[in-house]
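Now for the letters of each chain:
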Amino acid sequence: MDSPCKEDNNRDTETIICRSRPYDSGHPAFILFIMVGFTILVTVMSGELSAFVIATIFWFPLYLVTIDQLMWQIAGEETVSISDNYLHIRRKHTIFRRKGNIRLDNIREVRKWKPSLFLRLQMMPSYTGALQWTLCVTSNKVFPFKFAPRLSEEEQERVISEIEAAVKRAKEEMWEVH
């Protein structure tokens, strides 16, 4: 699981600590089906091609987001790695590449993500299988960064301990320099 790879911009070594795949919920496919069906319905009922163009333009941002989520569920992969100064979280096989490069000395907390009651009710666990994200990093930024879907309890604990050890080393090095 651990393999070094080179980072092009700062030439330090990255160690991959986990790879994960998303849950396959079928939710984006259903939403895309509804949006396309609604567009076709509007076109047929109006009888004009301009209605199809207007409906497509109206739905276009939602089409992109939904197709991105569908691609993520079909072929997506998230890689979490640590370099000397950063925690790197990258998503592959999506339209909007979600990535996070978080300075290790800015990380305040790494924990298991516990969604609010509202999110748990909204996500319908029986339909989606389980909650998507398993871990969360809190740094000096406003919002926490959620990552690593579908990790088992053992993998969660291992990833948390590796990130915490890297954060501790980074903070000790920072204090030694100052």
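Just above sits the structure.
Residues numbered from 1 in each chain as written. Predicted model: local features only at pLDDT ≥ 70, side-chain atom pairs only at ≥ 80, totals over all residues. Heavy atoms only, no water.

Undergrad: Please clarify how helix 2 (residues 49–75) should be interpreted in this entry.
TA: Every α-helix winds through 3.6 residues per turn, so residues three or four apart in the chain are directed the same way. Taking 1.5 Å of rise per residue, 27 residues should cover 39 Å, yet helix 2 covers just 34 Å from first to last C-alpha, more than 12% shy of that figure. The largest bend along helix 2 reaches roughly 50 degrees and is located at phenylalanine 60, with the proline proline 61 sitting one to four residues downstream. In this structure, the buried side of helix 2 is in contact with helix 1 (27–46), strand 3 (77–82) and strand 4 (86–92). (Helix = DSSP H or I, 4+ residues; strand = E, 2+ residues; numbered from the N terminus. Expected span 1.5 Å × (residues − 1). Bend = angle between axes of the 7 residues up to and from the residue. Contact = heavy atoms within 4.5 Å.)

Undergrad: Help me understand the packing of aromatic side chains, please; the structure alone is not making it clear to me.
TA: Two numbers describe a pair of aromatic rings. These are the distance of the centres and the angle of the planes. Tallied over the entire structure, the rule returns two aromatic pairs. Connected via pairs of aromatic rings, a cluster forms that spans Phe38, Phe58 and Trp59. Above the face of the tryptophan 72 ring, arginine 91 is positioned so that its terminal group lies 3.7 Å from the ring centre. Above the plane of the ring of tyrosine 86 lies arginine 103, whose end atom (NZ or CZ) is 5.6 Å from the centre. (Phe/Tyr/Trp six-rings, centres within 6.5 Å; stacked < 30°, edge-to-face > 60°. Lys NZ or Arg CZ within 6 Å of the ring centre and 35° of its normal.)

Undergrad: Help me out: how do you make sense of the pairing of strand 3 in this one?
TA: Regular strands have side chains that alternate between both faces of the sheet. In terms of residue burial, strand 3 counts as a mostly covered element, since five of its six residues are buried. Of the pairings in the sheet, the one linking strand 2 (residues 13–20) to strand 3 comprises five bridges and is antiparallel in character. Following the sheet pairing, threonine 15 is matched in strand 3 by isoleucine 82. Of the pairings in the sheet, the one linking strand 3 to strand 4 comprises six bridges and is antiparallel in character. Bridging across to strand 4, glutamate 78 finds its partner in arginine 91. (Buried < 20%, exposed > 50% of the residue type's maximum accessible area, 1.4 Å probe, protein only. Pairing = 2+ DSSP bridges.)

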